[in-house]
2 protein chains.
Amino acid sequence: MTKTQVFGHKNPDMDTVASAVAASYLLNQQGEDTQAMAQGEPNAETKFALEHFQLDPLPISQSCETPQVVLVDHNEAAQSVDNLDDVQVTHIYDHHKFSFSNSTPLYIVAKPWGSVSTIMYFEFKQAGIEIPAKIAGLMASGLISDTLLLKSPTTTDWDRQALPELAKLAGEDDINAYGMAMLKAGTDLSTRSDKDILDGDAKSFDMGGHQFRIGQVNTVDIDEVLARKAGLTAAMKEEGYEDFLLVITDILNSNSKALYLGDAPEQIEAAFKNKLVDGVLDLPGVVSRKKQVVPPLEGQF
Amino acid sequence: MTKTQVFGHKNPDMDTVASAVAASYLLNQQGEDTQAMAQGEPNAETKFALEHFQLDPLPISQSCETPQVVLVDHNEAAQSVDNLDDVQVTHIYDHHKFSFSNSTPLYIVAKPWGSVSTIMYFEFKQAGIEIPAKIAGLMASGLISDTLLLKSPTTTDWDRQALPELAKLAGEDDINAYGMAMLKAGTDLSTRSDKDILDGDAKSFDMGGHQFRIGQVNTVDIDEVLARKAGLTAAMKEEGYEDFLLVITDILNSNSKALYLGDAPEQIEAAFKNKLVDGVLDLPGVVSRKKQVVPPLEGQF
């Protein structure tokens, strides 16, 4: 009977899946008895990486079925399993803002680095444990996804050091080509519903009492996404979101535009020093929600 | 002008001073501009180690004088500088229970290991930065102090690995002899007042609404400390502590006795499954407040 399940955040993305797999393997090598889990279906990037490296998708559950839990790529209860209060958190590996409290010492490694996969890479190194090729490939994919192939401003020297080393362990000779193919796989929106595009990577933020929801979607053609504006806006209304910003990011040229629905257009314009035109805001040079979207909004609200 | 000060907890002990020095040096090597500080005078062990390795005591302040702060060996506001809310926490290195929250990603390494000096040793290793001999000596001292020369049940394999490597870097051929001399230096209570013995290492705990204060003092002769029972008890009353447990630990034989003043003698006896005799409780095999004193008390209250 497994003692500990390892969970990433809700709406699992590539880095959350990769770091759950990596943390579980590392801890098992250190004598723990853990199982990597996911809170939902893999997204398109993750499916691409799992198939490429011939790995199975993770078992899905919204609650932890073991007495102990390891959290990766999140630390806040709102992002976590439903029964977090009833299980013992033994480890946290994360790169987000921190808000966590418990009554016994536990293992926390949270660093403001580009991806949790990078943090896990250095955890393996510190423990002197080898990373199997397939897991290294998954970790490289998580790193690429969260840093947009090292182009996001969230990228650190630690990420730049880890990616070629993970690529080598994975046996990927041309990691840039693989990375671009994986990112592009994540941009095929033709089969995704409007609601799915909104919710796929959306996170909720409380900004001065204002409940804000911010989604992000990667593409190679922003206009193709904006052609679905009517449907996307209708879906926002249907879901009952009062304030929703959908950031549409061009991964080839590292720019974004955002689609906004809500009652605070002036603050949005002030935050980004740009005008909303028919609900659309130009965000030149913006690729990171965490570094370039959330902080200016927090400054306004 | 320094940008960041590095602070350990109130009532600084050996490990808090060693980890402040280590963290400041490591961060400066990585391009930061930091200064190691202390919230109070060094204790006897720390003075012994500073003199042995020819290092100056740290500057003392109860508040952070820079816009940024690094916390070592603590994470809770009650243990920290007075103006914690007004400065930005950039890094935390700790091994205590965790209760911290902030709005931007920061660097947190908190592990349930024997000492923060051990955690710092592996941080240097991960960053590929050499530890100067004197700082290695101080870190070995912090590790020895917190683990009672690797004898405390808080000791992990990471501590056992780090100590000989730090000793080698410090040029200490007989680390056991040095460590015992340092621990003994910390047990000279003849020059310390009753109040100082109580408060020197005391920490406050909220146990089910009960405000508990638990002190600990190391000795090579428990009876010598108990000979001062009348004075110690009078000092407890004078300080207005409602519930005070002073754990007196024999570092040669790894045993403790505790002196108790308070209105919950039955719970104390139940927690440790032993009888109070004239306010004194026998605690055979107990050396760690964190692992062997706090948890049974938390179970009772």
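Residues numbered from 1 in each chain as written. Chains lettered and ligands numbered in written order. Predicted model: local features only at pLDDT ≥ 70, side-chain atom pairs only at ≥ 80, totals over all residues. Heavy atoms only, no water.

K.L.:
Describe the overall build of chain A, listing the residues and the values that go with them.
P.N.:
Looking only at helices and strands, one finds eleven helices and eleven strands in chain A. For chain A, the C-alpha radius of gyration of 19 Å lies close to 19 Å, the compact-globule estimate for 301 residues. Seen through its C-alpha atoms, chain A measures out along the principal axes to roughly 55 × 45 × 35 Å. Surface accessibility of chain A: about 12,200 Å² in total, with carbon and sulfur atoms responsible for 47%. With 24 positive and 44 negative side-chain charges, chain A shows a separation of 4 Å between the mean positions of the two kinds. (Helix = DSSP H or I, 4+ residues; strand = E, 2+ residues; numbered from the N terminus. Rg over C-alpha atoms; globule rule 2.2 N^0.38 Å. Areas by Shrake-Rupley, 256 points an atom, 1.4 Å probe, with all protein chains shown as cover. Lys, Arg positive; Asp, Glu negative; His and termini not counted. Charge placed at Lys NZ, Arg CZ, Asp CG, Glu CD.)

K.L.:
Which residues make up the domain arrangement of chain A, and what values go with them?
P.N.:
Residues and elements named next belong to chain A. Segmenting chain A into domains produces domain 1 (4–185) and domain 2 (194–300). Placing a centre on the C-alpha atoms of domain 1 and another on those of domain 2 gives a separation of 26 Å. The interface is formed by 14 residues belonging to domain 1 together with 17 residues belonging to domain 2. At the boundary of domain 1 with domain 2, total buried surface from both sides reaches about 1,300 Å², with 57% on carbon and sulfur atoms. Contact with domain 2 buries area across many residues of domain 1, yet Asn-11, Leu-148 and Pro-153 alone supply 36% of it, more than any other trio. Taken together, the links from domain 1 to domain 2 amount to zero salt bridges. (Domains from an automatic or database assignment. Contact = heavy atoms within 4.5 Å. Buried area = accessible area lost by both parts, 1.4 Å probe. Salt bridge = Lys/Arg side-chain N within 4 Å of Asp/Glu carboxyl O.)

K.L.:
I'd like to hear about the relation of the copies chain A and chain B, residue by residue, with values.
P.N.:
Between chain A and chain B, the superposition needs a rotation of 180° and an axial shift of 0.1 Å, giving an RMSD of 0.1 Å. Here the copies are linked by what is in effect a two-fold axis. Of the C-alpha atoms belonging to chain A, the one lying closest to the rotation axis is found on Val109(A), 2.3 Å away. Interface overlap between copies: 100% of the residues of chain A at the interface are likewise at the interface in chain B, consistent with a symmetric, same-surface contact. (Least-squares fit on C-alpha atoms with pLDDT ≥ 70 in both.)

K.L.:
How would you summarise the interface of chain A and chain B if you had to cite specific residues and measurements?
P.N.:
Facing 26 residues of chain A, the contacting portion of chain B comprises 26 residues. The junction of chain A with chain B conceals about 2,100 Å² of combined surface from both sides, 56% of it contributed by carbon and sulfur atoms. Of all residues in chain A, the largest losses of buried area upon contact with chain B belong to Phe98(A), Pro105(A) and Gln126(A), amounting jointly to 27% of the total for that side. At the surface where chain A touches chain B, the tally comes to zero salt bridges. Along the contact surface separating chain A from chain B lie 13 residue pairs in polar contact (both at pLDDT 80 or more). Of all the secondary structure elements, the ones that give two or more residues to the side of chain A that touches chain B are strand 5 (99–101), strand 6 (107–110) and helix 3 (116–127) of chain A. Bridge analysis of strand 5 of chain A against strand 5 (residues 99–101) of chain B gives three bridges, and the strand direction is antiparallel. Note that in strand 5 of chain B the partner of Ser101(A) across the bridge is Ser99(B). (Polar contact = N/O pair within 3.5 Å; in protein donor to acceptor, adjacent residues only side chain to side chain. Pairing = 2+ DSSP bridges.)

K.L.:
Talk me through the UniProt feature "domain: DHHA2" (unreviewed entry) in chain A; I want residue IDs and the actual numbers.
P.N.:
Summarizing the sequence annotation, UniProt attributes the feature "domain: DHHA2" (unreviewed entry) to residues 179–301 of chain A in the numbering used throughout. Counting secondary structure, residues 179–301 of chain A comes out at 40% helix and 27% strand; the distance between its end C-alpha atoms is 36 Å. (UniProt positions renumbered as here; feature names shortened; annotations may be inferred.)

K.L.:
So what's going on with helix 2 (residues 44–52) of chain A? Which residues, and what values?
P.N.:
Residues and elements named next belong to chain A. For helix 2, every residue scored as buried is listed here: Glu-45, Thr-46, Ala-49 and Leu-50. One side of helix 2 holds all its buried residues, which, seen down the axis, span an arc of 130°. Those residues of helix 2 hidden inside the fold are in contact with helix 1 (14–29), helix 4 (133–147), helix 6 (175–185) and strand 8 (210–219). Taken from the residues just after helix 2, Gln-54 is the one with a positive phi, measuring 55°. (Buried < 20%, exposed > 50% of the residue type's maximum accessible area, 1.4 Å probe, protein only. Arc of directions from axis to C-beta.)

K.L.:
Can you tell me about the sheet that holds strand 11 (residues 276–277) of chain B, naming the residues and giving the values?
P.N.:
Residues and elements named next belong to chain B. Spatially, the six strands line up as an open sheet ordered 7-8-9-10-12-11, and their pairing is mixed. Of all the strands in the sheet, just strand 7 (203–207) and strand 11 have a single pairing partner and so form its edges. Of the strand pairs in this sheet, strand 7 and strand 8 (residues 210–219) are connected by five bridges, and their pairing is antiparallel. Counterpart to Ser-204 in the pairing with strand 8 is Arg-213.

K.L.:
Tell me about the pattern of salt bridges, and name the residues and values.
P.N.:
By the definition in use, this model includes 20 salt bridges over all chains. As a salt-bridge pair, Asp82(A) and Lys10(A) come within 3.5 Å of each other at their nearest N and O atoms. Highlighted residues: Asp82(A) in the loop between strand 3 (68–72) and strand 4 (88–94) and Lys10(A) in the loop between strand 1 (4–7) and helix 1, separated in sequence by 72 residues. Overall, Asp82(A) belongs to the exposed group, its relative accessible area being 60%. For Lys10(A), a relative accessible area of 30% puts it in the partly exposed group. With a shortest N-O distance of 3.7 Å, Glu165(B) and Lys125(B) are connected by a salt bridge.

K.L.:
Would you mind going over the packing of aromatic side chains in detail, with residue names and values included?
P.N.:
This structure, assessed with the given rule, holds 22 aromatic pairs over all chains. When the ring of Trp113(A) is compared with that of Trp158(A), the centres are 4.6 Å apart and the planes differ by 10°; the resulting orientation is stacked. Of this pair, Trp113(A) sits in the loop between strand 6 and helix 3 while Trp158(A) is found in helix 5 (residues 157–170), placing the two residues 45 residues apart along the sequence. Given the relative accessible area of 3%, Trp113(A) is considered buried. Feature note: the residues Tyr93(A), Tyr107(A), Trp113(B), Tyr121(B), Phe122(B) and Trp158(B) constitute an aromatic cluster, connected by ring pairs. (Phe/Tyr/Trp six-rings, centres within 6.5 Å; stacked < 30°, edge-to-face > 60°.)

K.L.:
So, the sheet that holds strand 6 of chain A: which residues are in play, and what are the values?
P.N.:
The ten strands are arranged 2(A)-1(A)-3(A)-4(A)-6(A)-6(B)-4(B)-3(B)-1(B)-2(B) in an open sheet whose pairing can be described as mixed. The open sheet has two edge strands with one neighbour each: strand 2 (34–36) of chain A together with strand 2 (34–36) of chain B. Within this sheet the neighbouring strands show an average axis-to-axis angle of 20°, counted without direction. Relative to strand 2 of chain A, strand 1 of chain A runs parallel, the two sharing three bridges. Counterpart to Gln5(A) in the pairing with strand 2 of chain A is Gln35(A). This element, helix 3 of chain A, spans strand 4 and strand 6 of chain A of the sheet and lies at about 105° to strand 4 of chain A. (Axes fitted to C-alpha atoms, helices over the stretch in contact; angles between N-to-C directions.)

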